[in-house]
Amino acid sequence: MPFISRRALLQLSPEEVEMLTTLSQSRTEAAGRVQRAAILLRYHASDSISEIARSLGTNRPLVERCVNKALQLGAAQALGDLPAGTQTGDDA
């Protein structure tokens, strides 16, 4: 039986999807913001945390922090860097 995530789905408006799509394809934006935009788009498309991490060549904790931040604060806020030591409810 496959694992079923208990994490909430990320609801994005069409405008947010467009903004994230544009950002994820940018060649001039900061690499971290581009990666976080791609993470959020893939999570919104129902990819698992593991699938996202593997396909983007990153690690699960980074993907989980980005997704948790988006679920708590919204997609636009999740694009920014977290201050050191900031928790986003990873234990939730």
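Residues numbered from 1 in each chain as written. Predicted model: local features only at pLDDT ≥ 70, side-chain atom pairs only at ≥ 80, totals over all residues. Heavy atoms only, no water.

## Re the packing of helix H1 (residues 14-24) against helix H2 (residues 31-44)
Part 1 of the argument: At a minimum axis distance of 8 Å, the contact between H1 and H2 shows a crossing angle of 135°. Relative to H2, H1 is oriented oblique. In the packing of H1 onto H2, the handedness of the crossing is left-handed. Across from Val17, Leu20, Thr21, Leu23 and Ser24 in H1, the residues of H2 making contact are Arg33, Val34, Ala37, Ala38, Leu40, Leu41 and His44.
Part 2 of the argument: Residue classes in the contact of H1 with H2 are distributed as eight nonpolar, three polar and one charged. (Axes fitted to C-alpha atoms, helices over the stretch in contact; angles between N-to-C directions. Helix = DSSP H or I, 4+ residues; strand = E, 2+ residues; numbered from the N terminus. Parallel < 35°, antiparallel > 145°, perpendicular 65-115°, else oblique. Left-handed = near helix turned anticlockwise from the far one by under 90°. Contact = heavy atoms within 4.5 Å. Nonpolar A, V, L, I, M, F, W, Y, C, P; charged D, E, K, R; others polar.)

## Overview of the environment of Gly74
Part 1 of the argument: Its location among the elements puts Gly74 in the loop between helix H4 (60-73) and helix H5 (75-78).
Part 2 of the argument: According to the relative accessible area criterion, Gly74 is partly exposed, its value standing at 22%.
Part 3 of the argument: Sequence separation of Gly74 and Leu10 is 64 residues, and the distance between their C-alpha atoms is 8.8 Å. (Buried < 20%, exposed > 50% of the residue type's maximum accessible area, 1.4 Å probe, protein only.)

## Here's the deal with the nonpolar core
Part 1 of the argument: Membership of the largest hydrophobic core comes to 19 residues, with the highest contact counts inside it found for Leu20, Leu40 and Val63.
Part 2 of the argument: It is H2 that contributes the most residues to this core, five residues altogether.
Part 3 of the argument: Apart from the residues lying within four places of it in its own chain, the contact partners of Leu40 are Leu10, Leu12, Leu20, Cys66, Val67, Ala70, Ala75, Ala78 and Leu79. (Core = buried A, V, L, I, M, F, W, Y, C linked by side-chain atoms within 4.5 Å.)

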